[in-house]
Amino acid sequence: MASNSDMTVEEVPGSYGTPFFTPISDRLEFYYQGQDKYFQSRVDKYKSTVVRLNVPPGPFMASNPQVVAVLDAKSFPVLFDVSKVEKKNVFTGTYMPSTSLTGGFRVCSYLDPSEPNHAKVKQLLFNILASRKDAVIPTFRNNFSALFDTMESQLASDGKSDFNALNDNTSFEFLGDAYYGVRPSDTELGTTGPSRCTKWLFLQLHPLMTLGLPKILEELFLHTFPLPSFIVKSDYKALYKYFSEAAATALDNAEKLGLSREEATHNLLFATVFNSYGGMKVLLPGILGWLATSDKSLHERLAAEIRGAVAEEGGKVTVNAVAKMELTLSVVYEAVRMDPPVKYQYGHAKEDLVVESHDGAYKVKKGEMLFGYQPFATRDPKVFERAEEYVGDRFVGEEGKQLIKYVVWSNGPETEKPTVANKQCAAKDFVVLVGRLLVVEFFLRYDTFEADVGNVLLGSQVTVTSLTKASASSSSSS
Ligand code: HEM
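Residues numbered from 1 in each chain as written. Predicted model: local features only at pLDDT ≥ 70, side-chain atom pairs only at ≥ 80, totals over all residues.

The protein chain is annotated in an unreviewed UniProt entry as Allene oxide synthase of Canna indica. Word for word, the UniProt comment on the protein chain under Pathway (unreviewed entry) is "Lipid metabolism; oxylipin biosynthesis." (UniProt positions renumbered as here; feature names shortened; annotations may be inferred.)

Undergrad: Outline the overall build of the protein chain, supporting the account with residue identities and numerical values.
TA: Looking only at helices and strands, one finds 16 helices and eleven strands in the protein chain. A compact globule built from 478 residues should have a C-alpha radius of gyration of about 23 Å, and the protein chain, at 22 Å, falls within 12% of that. In terms of its C-alpha atoms, the protein chain occupies a principal-axis envelope of roughly 65 × 50 × 45 Å. Put simply, the protein chain has 478 residues, and 45% of those count as buried. Intrachain contacts of the protein chain at a sequence separation of at least 6 include 73% that bridge at least 24 residues. (Helix = DSSP H or I, 4+ residues; strand = E, 2+ residues; numbered from the N terminus. Rg over C-alpha atoms; globule rule 2.2 N^0.38 Å. Buried ≥ 20, exposed ≤ 12 C-beta atoms within 10 Å, placed from the backbone. Contact = placed C-beta atoms within 7 Å.)

Undergrad: Residue-level account of the pairing of strand S3 (residues 66-70), with values.
TA: Of all five residues making up S3, five are buried, and the element is well covered by its neighbours. Strand direction decides the pairing type here: strand S2 (residues 50-54) and S3, joined by five bridges, are antiparallel. Bridge pairing in S3 links Leu53 to Val67. For S3 and strand S9 (residues 369-373), the ladder comprises three bridges, and the chain directions are parallel. Following the sheet pairing, Val70 is matched in S9 by Gly372. (Pairing = 2+ DSSP bridges.)

Undergrad: Could you give an account of the pairing of S9, with specific residues and numbers?
TA: Successive residues of a regular strand alternate their side chains across the two faces of the sheet. Most of S9 sits inside the fold, with five of its five residues counted as buried. The side-chain alternation of S9 yields two buried faces, one formed by Met369, Phe371 and Tyr373 and the other by Leu370 and Gly372. In this sheet, S9 lies alongside strand S6 (residues 344-349) in antiparallel orientation, the contact comprising five bridges. Within S9, the position partnered with Gln345 by the bridge is Gly372.

Undergrad: Describe the packing of helix H1 (residues 21-33) against helix H2 (residues 35-46), naming the residues involved and giving the relevant values.
TA: Across the interface, H1 lies against H2 with an axial gap of 6 Å and an inter-helix angle of 125°. It follows from the interaxial angle that H1 and H2 lie oblique. Along its contact with H1, which presents Glu29, Phe30 and Gln33, the element H2 presents Gln35, Lys37 and Tyr38. Of the residues contributing to the contact of H1 with H2, the split by class is two nonpolar, two polar and two charged. (Axes fitted to C-alpha atoms, helices over the stretch in contact; angles between N-to-C directions. Parallel < 35°, antiparallel > 145°, perpendicular 65-115°, else oblique. Nonpolar A, V, L, I, M, F, W, Y, C, P; charged D, E, K, R; others polar.)

Undergrad: Which residues make up the packing of helix H3 (residues 116-131) against helix H9 (residues 248-256), and what are the values?
TA: Running from amino to carboxyl end, H3 crosses H9 at an angle of 140°, the nearest separation of the two axes being 10 Å. In terms of axis orientation, H3 runs oblique to H9. For the pair H3 and H9, the sense of crossing is right-handed. Residues Leu124, Asn127 and Ile128 of H3 pack against Ala250, Asn253 and Ala254 of H9. For the contact of H3 with H9, the per-class residue count stands at four nonpolar, two polar and no charged. (Left-handed = near helix turned anticlockwise from the far one by under 90°.)

Undergrad: Any chance you could break down the environment of Arg445 for me, citing the residues and the numbers?
TA: Considering the arrangement of structural elements, one finds Arg445 in helix H16 (residues 428-445). Spatially, the C-alpha atoms of Arg445 and Phe148 are 8.7 Å apart, while their sequence positions differ by 297 residues.

Undergrad: Describe the environment of Ala69, and please don't skip the residues or the numbers.
TA: Inspection of the secondary structure puts Ala69 in strand S3. Setting aside residues no more than four positions away along its own chain, Ala69 makes contact with Phe39, Val51, Leu53, Phe371 and Tyr373.

Undergrad: Can you lay out the site of the ligand for me, pointing to particular residues and giving the numbers?
TA: The full set close to the ligand counts 26 residues, and Ser276, Gly279, Asn411, Cys425 and Ala427 are the nearest of them. Those elements giving two or more residues to the shell around the ligand turn out to be H3, helix H10 (261-292) and H16. Counting residues per element, the shell around the ligand draws most heavily on H10, at six residues. Of the residues that constitute the shell around the ligand, the class distribution is 15 nonpolar, eight polar and three charged. (Near = placed C-beta within 6 Å.)

Undergrad: Please give an account of the sheet that holds S9 that cites residues and values.
TA: Read across the open sheet, the five strands follow the order S2-S3-S9-S6-S4; overall the sheet is mixed. Strands with a single pairing partner mark the edges of an open sheet, and in this sheet they are S2 and strand S4 (85-86). Relative to S2, H2 is tilted by about 125°, and along the sheet it contacts S2, S3 and S9.

Undergrad: Lay out helix H8 (residues 233-246) in plain terms, naming residues and giving numbers.
TA: Helix length check: H8, at 14 residues, gives a terminal C-alpha distance of 20 Å against a target of 20 Å (1.5 Å per residue), a fit within 8%. Among the residues making up H8, those that are buried are Tyr236, Leu239, Tyr242, Phe243 and Ala246. Take H8 and look down its axis: the buried residues cluster within an arc of 120°, on one side only. Within H8, the exposed residues directed more than 90 degrees away from the buried face are Ser234 and Lys237. Looking at the buried residues of H8, the elements they touch are helix H5 (163-180), helix H6 (193-205) and H10. (Expected span 1.5 Å × (residues − 1). Arc of directions from axis to C-beta.)

This is how it looks when you write it as structure tokens:
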């Protein structure tokens, strides 16, 4: 994209309104009219994709709801540049959940790369992912083939199957199995893990949620004060015990990196439950939901690509086979382009800055909060043709590959790598692999399917209503 260096630098347009009152009415507008309309109406009103506005939750949850919003593909990447923005305590935005939910520690996601523990924890996560890389495909297949067996029996008995519910249980099992080699259900946790995780996640994210309760109750109980952490104390304790035992080898490694066992355990719990489990809760229904709304011909092409690549590897799903599946990769990228699983990113300006959008250049002062609503960057019609449409093969071929740099779900361009010095998702490659493995497993088993797709809390709700099994000759794999 061209630079706007010949443009005059302007003040950021927009208004925060009357303190206290406007942030509350803005919050109501945001929750009850929807986020897309909220941001679009301000872009339209001020004729700018860089605009001042309030973000929820506002009073009394956040001390300052005022942000400079960057709402196109050109301005958004300022949030990835850690020389320009400070990422300290901004993981959930303008409010930060109490550290009593994380053992009193500020965990990696809340640390700026300038803080020494950021590199130590991120390195620990890189080491775990590297040491367990050969476990990912077999543990995924093992856990998710059981999910599909259950789905088939639910369809046979009830005529429908709730993918989100099955995915919640399976993802938690898979993550414990893949990272630490210990399935949570084989430990004292039994099958209680996912519900404990969901409660703990809720305590951190309720300021951003609506549950469909009467407005007055939601305002009072969800959006105004943090819920007390003692509600999940026993759940957290049970999860902590699992991590302190299952992750023993990783915790030895943590001590070598200079972290205490205790701080490392809280961090592994957070990375596994919040980052990974929370991420997979949204990512996988998102991918399946977009495939459900796509043409059957896309299903046919995916099945042919996947079965062909697996056959070339002697019927095995290998890293090599998955790497050859260009369309499979494209459908995953397109799902996270349309619906980035984590939609909001934040950072404080480290110094006085000039932020460029497609149409202008704007002054931002040191200390101001920059905020990005990612779907406006990844559905930017100046970058993507038919930007509002799910185009499964968008990223296939030479032209398609040029667009991959605009896929930024990981808090950075897909063409870049997470390091201990940046804030890009530590598990970027793992996540894209897991997304592809869902598609692979699915189309090895089925030719096509139908599902009802709706909205739920932070993502899509997918209820599968029919599955067409692959004919035996075309689906053999081990
Ligand atoms: C499954 C879908 C996932 C999505 C959509 C996702 C998304 C993200 C995003 C957007 C950020 C940046 C947040 C910010 O600072 O603004 C992030 C950071 C992070 N993610 Fe992920 N993530 C996922 C899975 C995982 C997994 C599996 C791990 C496991 C290790 C992980 C570990 C982290 C960590 C540790 C950070 C903080 C990085 C840092 O402080 O430098 N994430 N992730």
